[in-house]
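Chain residues, written in single-letter form:
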Amino acid sequence: MKLNPNITYSPEVAEAIKNDMPVIALESTIISHGMPYPENVETAGECCRIARENGAVPATCAILGGRLCVGLTDGQLEYLGKAGQKAAKASRRDIAILASRGADGATTVASTMILAHMAGVRVFATGGIGGVHRGATETMDISADLEELGRTSVAVVCAGAKSILDIGLTLEYLETKGVPVIAYGTDEMPAFYTRRSGFKADYRMDTPREIAAALRARTDLGIEGGMLVTNPVPEEYSMDKAVIDRAIDEALAEAAAQGIRGKATTPFLLAAVKELTGGESLKANIALVCNNVALAAKIAAELYKM
Ligand code: PSU
Ligand code: MN
């Protein structure tokens, strides 16, 4: 594939794209806003190693000095990890403004999909996506990630939707937007910290090859928009449902009491859940991200063979 002049590729990613080799995108809001330092930087590095082990070049995305970067150096990962909440959380609405100001931003699922698509990357691994928040009938808090899945042709591998969200409404929204929800090795969509949500996914697929074939068919048929691949957290890190539900309820009450709104909501809830579970949720979060990276890399490697 030809390189896009609007993208600043790392040398390794540029080489892979030019030669149509397997590449997977990784987001950076998970580094700056989703996990604490230094676990965030360690996990980002681990993700890159796992991608390579499974046959794909890792391409972490971020906006740095106004440039749309696809593929970061260790120094850049460290910088975003240390910046934490001080880094701007950049979604679709923010990209052009940060670019015009020469500013920095960590990319969410939505904006990472945009950068990946511009760069020629078709598979993207993360932990969790944004969704329809509980109480959205009042607040209208629906993540821009869902709109992006509806329009941008990148497959997103995640561990399902967490119950800080309204999982049922998130699935309804994805259906409206024409986004197929695939569950890997199971019939149910997983709920991030736990392997089961009680909601059936649209399709069950059991091999990376099957998922790559579906992605390939969508491209060949010219059907635009994303696909959501949900991959359950490894059994040994799956949390007790009662424990995580209690922490989430408490975190939601705390957010309401403090009047947390807009883009601050998700990072606030994630940090509160981590505190309330004494770090157990962070361990699960790290394990599931690594697990998703491995699956995404295998899908990209299969896609390359087709
Ligand atoms: N869920 C997580 N970790 C995260 C996020 C979500 O478990 O780091 C981040 C992702 O970058 C996602 C964003 O795209 O939060 C969604 O934010 P919002 O709900 O404000 O759209
Ligand atoms: Mn929101």
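Residues numbered from 1 in each chain as written. Chains lettered and ligands numbered in written order. Predicted model: local features only at pLDDT ≥ 70, side-chain atom pairs only at ≥ 80, totals over all residues. Heavy atoms only, no water.

## Structural notes on helix 6 (residues 109–119)
With respect to burial, helix 6 is a largely interior element, nine of its eleven residues being buried. All of the buried residues along helix 6 are Val109, Ala110, Ser111, Thr112, Met113, Ile114, Leu115, Ala116 and Ala119. For helix 6, the N-terminal capping position is held by Thr108, with its side-chain oxygen 3.3 Å away from the main-chain nitrogen of Ala110. Once helix 6 ends, the next one or two residues include Gly120, with phi positive near 95°. (Buried < 20%, exposed > 50% of the residue type's maximum accessible area, 1.4 Å probe, protein only. Helix = DSSP H or I, 4+ residues; strand = E, 2+ residues; numbered from the N terminus. Polar contact = N/O pair within 3.5 Å; in protein donor to acceptor, adjacent residues only side chain to side chain.)

## Considering the side chain of Thr29
Tracing the sequence through the fold places Thr29 in helix 2 (residues 29–34). At 3.3 Å, the side chain of Thr29 forms a polar contact with the backbone nitrogen of Thr108. When near neighbours in sequence (up to four residues on either side) are disregarded, Thr29 contacts Gly34, Lys89, Ala106, Thr107 and Thr108. (Contact = heavy atoms within 4.5 Å.)

## Quick notes on the site of ligand 1
In the neighbourhood of ligand 1, 15 residues make up the surrounding shell, with Glu27, Lys89, Ser143, Asp145 and Thr266 lying closest. For the shell around ligand 1, the secondary structure elements donating two or more residues are helix 2 and helix 12 (265–276). Take the shell around ligand 1: its biggest share by element is three residues, from helix 2. Here the shell around ligand 1 is composed, by residue class, of four nonpolar, seven polar and four charged. (Near = heavy atom within 4 Å. Nonpolar A, V, L, I, M, F, W, Y, C, P; charged D, E, K, R; others polar.)

## A word on the nonpolar core
Membership of the largest hydrophobic core comes to 102 residues, with the highest contact counts inside it found for Ile24, Val123, Leu149, Leu228 and Val293. By residue number, the principal contributor to this core is helix 13 (residues 280–305), which donates 13 residues. When residues no more than four places from it in sequence are discounted, the contact partners of Val293 are Ile24, Leu26, Cys47, Ile50, Ala51 and Ala125. (Core = buried A, V, L, I, M, F, W, Y, C linked by side-chain atoms within 4.5 Å.)

## A few points about the packing of aromatic side chains
Enumeration according to the criterion identifies one aromatic pair in this entry. Considering the side-chain rings of Phe192 and Tyr193, the 4.7 Å spacing of their centres and the 85° angle between planes classify their relative orientation as edge-to-face. Of the two residues examined, Phe192 and Tyr193, each falls in the buried class. The lysine or arginine in question, Lys162, covers the ring of Phe192, its NZ or CZ lying 4.1 Å from the ring centre. (Phe/Tyr/Trp six-rings, centres within 6.5 Å; stacked < 30°, edge-to-face > 60°. Lys NZ or Arg CZ within 6 Å of the ring centre and 35° of its normal.)

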